[in-house]
Amino acid sequence: MSATRSPKVADRVAPRGSEPQPQKPKKRRNDDDDGPDFSSLLRAWIESHRASWVDSLRRLGKQPIGSFFTCLVMAVALSLPMGLSLLLKNVERLGGSWQRAAQISLYLELDAGEREGQALVTQIKGLSGVAQAEFVSREQALGEFQQQSGLGEALKELPENPLPGVVVVTPLEVDKAALETLRQQLAELPKVQQAQLDLVWVERLAAILKLGDRFVFGLTLLLVSALLLVIGNTIRLHIENRRIEIEVIKLVGGTDSYVRRPFLYMGALYGFGAGLFAWGILAFGLDWLNDAVTGLSGLYGSDFALGGVPAADGLSLLLGAVLLGYIGAWIAVWRHLRELAPR
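The written sequence of each chain sets the order in which its residues are numbered from 1. Confidence filtering applies because this is a predicted model: local features only for residues at pLDDT of at least 70, side-chain atom pairs given and counted only at 80 or more, and all residues used for totals across whole chains, interfaces and linings. Only heavy atoms go into the side-chain values, all of them from the structure, while hydrogens and water stay out.

Note the following rule: UniProt positions are given in the numbering used here, feature names are shortened, and annotations may be inferred rather than shown by experiment.
The name given to the protein chain in an unreviewed UniProt entry is Cell division protein FtsX, with Pseudomonas rhizosphaerae as the source organism. Quoted verbatim from the Subcellular location (unreviewed entry) field of UniProt, the annotation for the protein chain is "Cell inner membrane". Taken verbatim from the UniProt record of the protein chain, the Function (unreviewed entry) comment is "Part of the ABC transporter FtsEX involved in cellular division."

Shown next as structure tokens:
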């Protein structure tokens, strides 16, 4: 038998002299690596919203006439209650004349001279709720009565002046309860014989303003409901035009929020355009009415003029329009999204 030994199995697999290759250590998984970091998620979220915003803007740009008239209809509905509210605010600016109608007349005792009257005026001006106080002496009161009554010659025959001195108090605010409290407080002052207040004008003013406020509130609710219907119907048409696309997106795993986002941006864009149009309509309308109001007030010797749209009111109108568009779009998408589940 040959003394030659057969090679080992390891020698047949690998040549002699070859060193065994060290095995690379397996990379251990970091238990703290749960997914993408916050910055990556934030960038993805921003990019998703930017894409939805651009897509909504592009789709509205493809239908400029339809988008314009939709915004115009919404603007007209928004401008009506806001315009009435601004007119009421302008009417309240006439409070100076109503304050004069609600003046409190303090009739002094006959023995109260001008010195006591001026001292009383100084004391009254320091009271809360008083805007102005003016003393009318007995001689001034008699002269005004002679001019207004046309009995000047007859009054000259009187042995003495029968009219007392008067302190005319202009209140700071026109409120029935506050005026009655102020009248009672003034009636207790020294040298005051009688404090008279004509509450009829105050009640008429309060009734007119209350009626105007209720009318504006009711009209606002009615038109807001109409706006929600308009924007909801418009968004519904956009959903129907993209029905197949939405079904495919949901079929491949798209979430409801992903499908809903472009339509919400679309509703907000409709509201933004409507708010801008409404702001312009109000500014133009008030300026157009101001010519007639200025001419009318000039005939009565007044310099009253309508004020424009304050910046705060205009921004509130714009923000409210965007919010209404967003809410209307959300309602429309929520209602029709359940019908677009893939079959």
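A look at the overall build of the protein chain
Test applied: Each helix is a run of DSSP H or I of at least 4 residues and each strand a run of E of at least 2, with the numbering of both proceeding from the N terminus. Partly exposed describes any residue whose relative accessible area lies between the buried limit of under 20% and the exposed limit of over 50%, with all areas from a 1.4 Å probe on protein chains only and scaled to the type maximum. In this description, contact between two residues means that some pair of their heavy atoms is separated by no more than 4.5 Å. Values of accessible area rely on a 1.4 Å probe in the Shrake-Rupley scheme; residue burial ignores everything except the protein chains shown.
Check the secondary structure of the protein chain and you find 12 helices and four strands. The burial tally for the protein chain puts 33% of its 343 residues in the buried class. Taking contacts inside the protein chain between residues at least 6 apart in sequence as the whole, the part at least 24 apart equals 81%. On the protein chain, roughly 22,900 Å² of surface is accessible, and the fraction owed to carbon and sulfur atoms is 60%.

Re the environment of leucine 186
When you line up the elements, leucine 186 lands in helix 8 (residues 176-187). When the C-alpha positions of leucine 186 and isoleucine 124 are compared, they lie 7.8 Å apart, and in sequence the two are 62 residues distant. Each residue touching leucine 186, except ones within four places of it in the same chain, is listed here: Ile104, Leu106, Ile124, Leu127, Val169 and Val192.

Looking at helix 8
So the rule is basically this: Expected helix span is taken as 1.5 Å per residue step, with the number of steps being one fewer than the number of residues. Note that the arc is defined by the directions from the helix axis to the C-beta atoms.
The end-to-end C-alpha distance of helix 8 is 16 Å, a good match for the 16 Å that 12 residues give at a rise of 1.5 Å each. Buried within helix 8 are the following residues: Leu179, Leu182 and Leu186. The buried residues of helix 8 occupy an angular sector of 65 degrees when projected down its axis, which confines them to one face. What points out from helix 8, more than 90 degrees from its buried face, is the exposed set Ala177 and Thr181.

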